Amino acid sequence: MNMYYKIILLVGVLVATGCAVSKNPLRQQVKLLQEGIIKDDTSYVYALPYEEGKTFRVLQGYFTGFTHRERAALDFNMKRGTKITAARDGVVVRAKEDGTLGGLNKKYRSHGNNIVIQHADNSRAGYWHLQHNGALVNVGDSVKKGQVIAISGKTGFAFVPHLHFLVWTSKDGQWQQVATRFQTSKGIKYLRGWKKYRHSPSE
Ligand SMILES: [Zn+2]
């Protein structure tokens, strides 16, 4: 499938599913945070999960699009082989890199290579669809924000090569996906679908 066909198909999928929005109550909250109607000055500010100076587009944002209707997750559109960096300091609690297959079919889900990093406040960040052998850290490693931890790919349930990034917090023993703030070249933001964000150093 050539690139243009992929893009046309992707836009079609996004348009076709744009109306099917989540009923998750968090969705409305995220929208208000994105629009600045609810202010949040206390939560942790994550780094964009790629190298300084790089710009990538968010394909699917929080609770929108095709596979994120029920997910507080972000898809960064990036070609295979892109360096992925830690969005926050932590310890690696999961690293899978033996998956080889990927595509737009749930049967590929178990192939999705990924890294999960636990932070000091017990929240966790996940980095998905890494290329085969694309995990550059091991379980138990301490990583620093900005450190290169993985190489992107398209393993698992993935239509195009991208990085699926998400953060969970634990509430009463239940893991919940949450939206987080990021440092961008235009200030601290809750990211939105279909927008591009440049990783620039925080002042
Ligand atoms: Zn995703």
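Heads up: the structure comes first, above all this text.
Residues numbered from 1 in each chain as written. Predicted model: local features only at pLDDT ≥ 70, side-chain atom pairs only at ≥ 80, totals over all residues.

1. Some words on the nonpolar core
Inside soluble globular proteins, nonpolar side chains tend to come together where they are buried.
Here is step 1 of the chain: Counting residues in each nonpolar core, the largest one holds 37 residues, and the members touching the most others are Val30, Ala72, Phe76, Ile115, Tyr127, Ala150 and Phe165.
Here is step 2 of the chain: Among the elements of the structure, helix 2 (25-34), strand 2 (55-58), strand 3 (73-77), strand 7 (113-118), strand 8 (124-135), strand 10 (148-152) and strand 12 (162-171) are those that each provide at least two residues to this core.
Here is step 3 of the chain: It is strand 8 that provides the largest number of residues to this core, a total of 5 residues.
Here is step 4 of the chain: With sequence-adjacent residues up to four places away left out, phenylalanine 165 is seen in contact with Pro49, Ala73, Leu74, Phe76, Ala125 and Tyr127. (Core = buried A, V, L, I, M, F, W, Y, C linked by C-beta atoms within 7 Å. Buried ≥ 20, exposed ≤ 12 C-beta atoms within 10 Å, placed from the backbone. Helix = DSSP H or I, 4+ residues; strand = E, 2+ residues; numbered from the N terminus. Contact = placed C-beta atoms within 7 Å.)

2. Considering the pairing of strand 7
Here is step 1 of the chain: The pairing of strand 5 (residues 90-96) with strand 7 spans 5 bridges and is antiparallel. Across the sheet, the residue bridging to valine 92 is isoleucine 117, located in strand 7.
Here is step 2 of the chain: Summarising the sheet, strand 7 and strand 8 pair through 6 bridges and their orientation is antiparallel. Along strand 8, the bridge assignment pairs asparagine 114 with tryptophan 128.
Here is step 3 of the chain: Hairpin connection, strand 7 to strand 8: the antiparallel pair is bridged by 5 residues, and asparagine 122 has positive phi, about 75°. (Pairing = 2+ DSSP bridges.)

3. Considerations on unusual backbone geometry
Here is step 1 of the chain: Despite not being glycine, phenylalanine 63 shows a phi value in the positive range, around 55°.
Here is step 2 of the chain: Looking at the secondary structure, you find phenylalanine 63 in the loop between strand 2 and strand 3.
Here is step 3 of the chain: Located in the positive-phi region is asparagine 133, a residue other than glycine, with phi close to 60°.
Here is step 4 of the chain: As for its placement among the helices and strands, asparagine 133 is situated in strand 8.

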